[in-house]
Amino acid sequence: MPVINRIAEFADEMSAWRHYLHQHPELSFDCHKTAKFVAERLRTFGVDEVHEGIAISGVVALVSGQGDGPTIGLRADMDALPLSEISGAEWASKIPGKMHACGHDGHTTMLLGAARYLAETRNFRGRVALIFQPAEEFGGGGEAMVSEGIMERFNISQVYALHNAPGFDVGTIHTNTGPIMAAVDEFTVTFSGVGGHAAYPNNTVDPIIAVTAFADGCQTIISRNCPPTSSLVVSVTRIDAGGTALNIIPQTALVGGTVRSFDPELREMCEVRIRELVEGLNLAFGVTAKVHYDRGYPPTVNHPEQTAFAAKVAKEIVGSERVDLSFPAEMGAEDFSYMLEARPGAYLFLGQGDTPMCHHPAYDFNDDIAPIGASFFARLVERAQPV
């Protein structure tokens, strides 16, 4: 694969950066040590500006090219997951209960590699904004950085991101023009009744009956309200009655889950139907309920022109036969969606081979793909804003 020669020369250093980051995972917005490591590397590379503390622990670095031109944004996420690692790697997490189980250490490394090359060569016009984002997994760091005005502050005209993809051949690149990741909403419903002895259920108002009926009813939201071809998922993922003994009917019971969608009308319909279902169960079983419905990340939607351009650059790096523009939209969610709502751009997946899947405790980023990702980022800038 035609990895940029200069990037190939410091590939071992990139692995060392990645291993350090993997050993020191941080969660959500608490990426302060990671951000410090990133900022120190960036200054060593000789970038023009380093802006820290954006969205609590985010970093944006600027590199100027040759002559006037627009600013292109490249984004990497930095946060880890609350998971205990079982990978057995020499560089396994040193922080109990935390690990880089989604490869954000690798994403950060790829962008650092591109930053080093771009700062050395500056073979482009205008500027590149290197966006190191916290809280992709939890908290919506992408939304926070957009809300704090990074697009306007740094005059970013378009923006791109890469995510590793276990299960796909090493160095293949996959994307599509349009929706590529779903919107995700979360709901919890707490049913309250009258607790009591399990031997005398007639003296109680049993919230567990309402919870189980709600879980069953959720399965009809899609099957009886949507066309069969709709891309929509409603999953009940938690039931908690908090029981302390098997002969006690509890006072309250909680049920929760997620809704994943692409269509705004279907997204709205799901929330309405969940609330209506709860109202009906209140009447049917004599319980009362509180519904908490949280609208989460919007769908991640690639812009056609920028996606076609990114695919063209990808073919230059990995070969035409290794670039797939028909990647099916996934029901997972990604807060890069907020950046794509603010500016045109594209989100792509980079195959990392036959490894454990993301969010698995045995997962580890494949260091072999870091120079490929860094080369893609660097060439993207050079082709988008040629001298």
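Residues numbered from 1 in each chain as written. Predicted model: local features only at pLDDT ≥ 70, side-chain atom pairs only at ≥ 80, totals over all residues. Heavy atoms only, no water.

Caption draft 1: A look at the packing of aromatic side chains. In the structure shown here, the tally under the stated rule is eleven aromatic pairs. Relative to F45, the ring of W17 lies with its centre 5.5 Å away and its plane at 45°, an arrangement referred to as tilted. Taken together, the residues span a long stretch of sequence, with W17 in helix α2 (residues 11-23) and F45 in helix α3 (residues 32-45) at a distance of 28 residues. Ring geometry for Y297 against Y338: centres 6.0 Å apart, planes inclined by 80°, an arrangement best described as edge-to-face. Placement of the pair is Y297 in the loop between β13 (288-295) and β14 (300-301) and Y338 in helix α10 (residues 337-342), with a sequence separation of 41 residues. Assessed through its relative accessible area of 13%, Y338 is described here as buried. Within the aromatic cluster, the residues linked to one another by ring pairs are F168, F327, F336, Y347 and F349. Between R41 and the ring centre of F37, over which it is positioned, the NZ or CZ distance is 4.5 Å. Above the ring of F10, the side-chain terminus of R116 is found at 4.4 Å from the ring centroid. (Phe/Tyr/Trp six-rings, centres within 6.5 Å; stacked < 30°, edge-to-face > 60°. Helix = DSSP H or I, 4+ residues; strand = E, 2+ residues; numbered from the N terminus. Buried < 20%, exposed > 50% of the residue type's maximum accessible area, 1.4 Å probe, protein only. Lys NZ or Arg CZ within 6 Å of the ring centre and 35° of its normal.)

Caption draft 2: Spatial organisation of the state of the cysteines. Under the definition given, this model contains zero disulfides. C226 takes part in no disulfide bond, and the closest cysteine sulfur to it belongs to C270, at a distance of 6.0 Å. Assessed through its relative accessible area of 0%, C270 is described here as buried. (Disulfide = S-S within 2.5 Å.)

Caption draft 3: Highlighting the sheet that holds strand β10 (residues 232-240). Spatial ordering of the open sheet is given by β10-β12-β8-β13, a layout of four strands whose pairing is antiparallel. In this open sheet, the two edge strands, each paired with only one partner strand, are β10 and β13. Averaged over all pairs of adjacent strands, the angle between their axes in this sheet comes to 15°, without regard to strand direction. Bridge count for strand β8 (residues 183-192) against β13 is eight bridges, and the pairing is antiparallel. The residue bridging E186 from the neighbouring strand is D294, located in β13. In the packing of helix α7 (residues 207-223) onto the sheet, contacts are made with β8, β10 and β12 (252-261), and the angle to β10 comes to roughly 170°. The sheet strands contacting helix α8 (residues 264-285) are β8, β10, β12 and β13, and the helix crosses β13 at an angle near 170°. (Pairing = 2+ DSSP bridges. Axes fitted to C-alpha atoms, helices over the stretch in contact; angles between N-to-C directions. Contact = heavy atoms within 4.5 Å.)

Caption draft 4: Focus on the side chain of H100. For H100, the position within the fold is in the loop between β3 (71-77) and α4 (104-121). What makes H100 buried here is its relative accessible area of 2%. For H100, the side chain forms a polar contact with the main-chain nitrogen of D105, separated by 3.5 Å. In this view, H100 contacts L21, H22, P25, M78, D79, A80, D105 and Y363; residues no more than four positions away in its chain are not counted. (Polar contact = N/O pair within 3.5 Å; in protein donor to acceptor, adjacent residues only side chain to side chain.)

Caption draft 5: Molecular detail of the pairing of strand β5 (residues 156-165). Of all ten residues that make up β5, nine are buried, and the element is covered over most of its length. The pairing of β3 with β5 spans five bridges and is classified as parallel. Residue pairing for β5: L74 is matched across the bridge by Y160.

Caption draft 6: A look at the packing of α2 against α3. Remark: α2 packs on α3, axes separated minimally by 10 Å, with the N-to-C direction vectors making an angle of 160°. Classified by the interaxial angle, the pair formed by α2 and α3 is roughly antiparallel. Our pair here, α2 against α3, has a crossing hand that is right-handed. Along its contact with α2, which presents W17, Y20 and L21, the element α3 presents T34, F37, R41 and F45. Taken together, the residues of the contact of α2 with α3 break down into five nonpolar, one polar and one charged. (Parallel < 35°, antiparallel > 145°, perpendicular 65-115°, else oblique. Left-handed = near helix turned anticlockwise from the far one by under 90°. Nonpolar A, V, L, I, M, F, W, Y, C, P; charged D, E, K, R; others polar.)

Caption draft 7: Spotlight on the layout of surface pockets. Considering only enclosed or pocket space, the largest pocket measures out at about 770 Å³ in volume. Along the walls of the largest pocket sit 32 residues, with E136, E137, G332, A333 and H359 positioned nearest its centre. Elements that contribute at least two residues to the lining of the largest pocket include exactly β5, β8, β12, β13 and β16 (345-351). Here the element with the most residues in the lining of the largest pocket is β5; it accounts for three residues. Residue composition of the lining of the largest pocket, grouped by class: 15 nonpolar, eight polar and nine charged. (1 Å grid on protein atoms, 1.4 Å probe; cavity = no way out; pocket = protein on both sides within 12 Å on 5 of 7 lines; lining within 4 Å. Points joined across faces, edges and corners; volume = space filled by probe spheres on them.)

Caption draft 8: Structural view of the packing of α3 against α4. Two elements in contact, α3 and α4, have axes separated by 9 Å at closest approach and are oriented at 20°. For the element pair α3 / α4, the angle class is roughly parallel. Remark: the crossing between α3 and α4 carries right-handed chirality. On α4, the residues that touch F37, V38, R41, L42 and F45 of α3 are T108, L112, A115, R116 and A119. When the residues that make up the contact of α3 with α4 are grouped by side-chain class, the tally is seven nonpolar, one polar and two charged.

Caption draft 9: The nonpolar core, seen in detail. Residues I7, L42, L74, V128, L130, F132 and F376 are the most contacted members of the largest nonpolar core, which totals 59 residues. Here L74 is in contact with L111, V128, A129, L130, I131, Y160, F377, L380 and V381, once residues within four sequence places are set aside. The next biggest cluster of nonpolar side chains, apart from the first, holds 25 residues, and it includes F29, I156, A161 and I180. (Core = buried A, V, L, I, M, F, W, Y, C linked by side-chain atoms within 4.5 Å.)

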